[in-house]
Amino acid sequence: MKQRSWLLQHAKSFVLIAPLALFLLFFFVVPLGTMMKAAVSDPVASRALPTVAAALEGWDRSSAPPVEAQRALVVDIQGIQDDELFGDLVRRLNSAKSGFRTLMSKTRTAVAEDPGLGDLASVDRRWSDPAFWIAVQDAASSPVTDRNLLAAVDLTRDKNGNVVDAPAGTSANRETLLRTIVMAGMVTVCTVLIGLPFAMVAASTTGWKRQLLLGAVLLPLWTSLLVRTAAWYIILQDNGLINMILQAIGLTDGPLPLIFNRLGVVIAMTHVLLPFMVLPIFSVLIGIPKNLMPAAASLGASPIRSFLSVLLPLSLRGVVSGSLLVFMSALGYYITPALIGGAKDQMISAVIAYYATGAANWGMAGALGIVLLTATIILYVVYLRLSSEEARA
């Protein structure tokens, strides 16, 4: 009887959490797994070129491969009847070595005219370059690859298989990642500088004044992100509200450059993400006894010393929580930098969008997504470590 009651109780609990579990499974776990699989999966070349990988085994990778390997590639190209598969193969090879788009099209035409072709260098002299054959061998040898993950941080493998820096000018993913981290840090610092005093004022008031201050913070959350960004796009223009006021009161002779630069991106993102800083700090401050600051003053501490020694340490949990929320949210921002920023202010989300929609390179988009996910997990682990140490203290 007790076992039946226990099973019934757990069955009810399972029914209650089942909708949430299914939601997380289909809208978080499955897309995340698909993204991670696309980052390391590369089945196109191994499916389109089933025999050339075996023919290239033992090749020294320093000179043109033997005729048998070239003949195997000709046979594989003849066997590709699906134009979509051939297009995917060309995109895969061209992403590893520029020039494959014209080379593969030219070679396919030559193979169709001469099925017995054995010397591909007679079709195009680029086939005598080992770099093109290295790209073919690496792509066709295994359906699993680390190429995208390495390329996400501007790394690659040389002809000996060693991990080295990518050639200069071929990729700027590492620079974009660093820029993303720097801009997210700048926005986090700005939200702390604005959000902490605002939360202190809101926590010190009561009644309608507190409701008004909190409503001003929550208002951006009730408005679409695109609408908020478009509003800043209008306000920050050369003839926008800010420049008109500055020129009207005589502080500037002409319009300040507030848009299509990093300053405009930081201003807009700070406004959008400010609630995620204010609310955690406010929730901590309202739990602090209000007699601590008067007690410190009665013991002779100045207001600044009372703040630094009493109020600030007690509010650090909210500051850390808000900083984590703001920084993690800022890492993946796309719309605001795309509309407000210039070419040198785009964040890694813009690169992911390009690979996903512009270049149709889901592997690179997934690899960059994994990099962002890893950074988020590291930040969360650090936050948990700091929180546990603070709780023990």
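Residues numbered from 1 in each chain as written. Predicted model: local features only at pLDDT ≥ 70, side-chain atom pairs only at ≥ 80, totals over all residues. Heavy atoms only, no water.

Enquirer: I'm lost on the overall build of the protein in this one. Help?
Expert: The helix and strand inventory of the protein stands at 19 helices and 2 strands. Its C-alpha atoms give the protein a radius of gyration of 29 Å, more than 25% over the compact-globule value 21 Å for 393 residues. Judged by the C-alpha coordinates and their principal axes, the protein covers about 95 × 85 × 35 Å. Going through the 393 residues of the protein one by one, you find that 37% of them count as buried. In the protein, 68% of the contacts between residues at least 6 apart in sequence involve partners at least 24 apart. (Helix = DSSP H or I, 4+ residues; strand = E, 2+ residues; numbered from the N terminus. Rg over C-alpha atoms; globule rule 2.2 N^0.38 Å. Buried < 20%, exposed > 50% of the residue type's maximum accessible area, 1.4 Å probe, protein only. Contact = heavy atoms within 4.5 Å.)

Enquirer: Teacher, can you tell me more about a nonpolar patch on the surface here?
Expert: Taken together, the side chains of Leu-20, Leu-22, Phe-23, Leu-24, Leu-25, Phe-26, Phe-27, Phe-28, Val-29 and Val-30 present a nonpolar region at the surface, about 1000 Å² in accessible area. Tracing the chain through its elements places Val-30 in helix H1 (residues 2-40). (Patch = residues over 30% accessible without salt bridge, like charges linked within 9 Å, V, L, I, M, F, W, Y side chains within 5 Å. Areas by Shrake-Rupley, 256 points an atom, 1.4 Å probe, with all protein chains shown as cover. Salt bridge = Lys/Arg side-chain N within 4 Å of Asp/Glu carboxyl O.)

Enquirer: Looking at this structure, I do not really get the packing of aromatic side chains. What am I missing?
Expert: Remark: the centre distance and the inter-plane angle together describe each pair of aromatic rings, the angle taken between the planes. The full count for this structure, using the stated rule, is 6 aromatic pairs. Ring plane angle 65 degrees and centroid distance 5.2 Å describe the contact between Phe-100 and Phe-132, whose orientation is recorded as edge-to-face. Placement of Phe-100 in helix H6 (residues 100-113) and of Phe-132 in helix H7 (residues 130-141) is noted, with a sequence separation of 32 residues between them. You'll find Phe-100 and Phe-132 in the same group, each marked buried. Among the aromatic residues, those joined into a ring-pair cluster are Phe-100, Trp-127, Phe-132 and Trp-133. Directly above the aromatic system of Phe-132 lies the positively charged group of Lys-97, at a separation of 5.3 Å from the ring centroid. Here the basic side chain of Arg-108 rests over the ring of Phe-86, its NZ or CZ set 4.2 Å away from the ring centre. (Phe/Tyr/Trp six-rings, centres within 6.5 Å; stacked < 30°, edge-to-face > 60°. Lys NZ or Arg CZ within 6 Å of the ring centre and 35° of its normal.)

Enquirer: Would you mind showing me how to read the side chain of Arg-210 here?
Expert: By the secondary structure assignment, Arg-210 is in helix H10 (residues 207-218). A relative accessible area of 18% means that Arg-210 is categorised as buried. Among the polar contacts listed, one links the side chain of Arg-210 to the backbone oxygen of Ala-203, at a separation of 2.9 Å. In contact with Arg-210, not counting residues within four places along its chain, are Ala-202, Ala-203, Thr-205, Phe-282, Ile-286 and Lys-290. (Polar contact = N/O pair within 3.5 Å; in protein donor to acceptor, adjacent residues only side chain to side chain.)

Enquirer: Help me out: how do you make sense of the pattern of salt bridges in this one?
Expert: Any two side chains of opposite charge can pair, given that their charged atoms come close. Scanning all chains against the criterion turns up 9 salt bridges. Across the pair Arg-91 and Asp-88 runs a salt bridge, and its minimum N-O distance is 2.2 Å. Taken together, the residues span about one helical turn, with Arg-91 and Asp-88 both in helix H5 (residues 83-96) at a distance of 3 residues. Arg-91 gets classed as partly exposed once you look at its relative accessible area, which sits at 37%. Note on Asp-88: relative accessible area 24%, which makes it partly exposed. One salt bridge connects Arg-262 with Asp-345, and the closest N-O pair in it is separated by 3.2 Å. Residue Arg-262 is located in helix H13 (residues 262-273), and its partner Asp-345 is located in the loop between helix H17 (335-340) and helix H18 (348-358); the two are separated by 83 residues in the primary sequence. Among the residues examined, Arg-262 registers a relative accessible area of 29% and is labelled partly exposed. Overall, Asp-345 belongs to the buried group, its relative accessible area being 7%. Linked through salt bridges whose partners overlap, the residues forming this network are Lys-106, Asp-124 and Arg-126.

Enquirer: Is there a simple way to think about unusual backbone geometry in this case?
Expert: Glycine aside, the phi torsion of most residues is negative, and most peptide linkages are trans. In this structure, Arg-61 is a non-glycine residue whose phi angle is positive, near 60 degrees. One can find Arg-61 in the loop between helix H3 (52-55) and helix H4 (67-79).

Enquirer: Explanation requested: the packing of helix H9 (residues 173-204) against helix H16 (residues 303-331) in the structure shown.
Expert: For any two helices packed against each other, the geometry comes down to the angle between their axes and how far apart the axes lie. As a packed pair, H9 and H16 sit with axes 9 Å apart at the nearest point and diverge in direction by 140 degrees. In terms of orientation, H9 lies oblique with respect to H16. Once H9 is placed against H16, the crossing between them reads as right-handed. Contacts between H9 and H16 involve Thr-180, Ile-181, Ala-184, Gly-185, Val-187, Thr-188, Thr-191, Val-192, Leu-196 and Met-200 on the former and, on the latter, Phe-307, Leu-311, Leu-312, Ser-315, Val-319, Ser-323, Val-326, Phe-327, Ala-330 and Leu-331. (Axes fitted to C-alpha atoms, helices over the stretch in contact; angles between N-to-C directions. Parallel < 35°, antiparallel > 145°, perpendicular 65-115°, else oblique. Left-handed = near helix turned anticlockwise from the far one by under 90°.)

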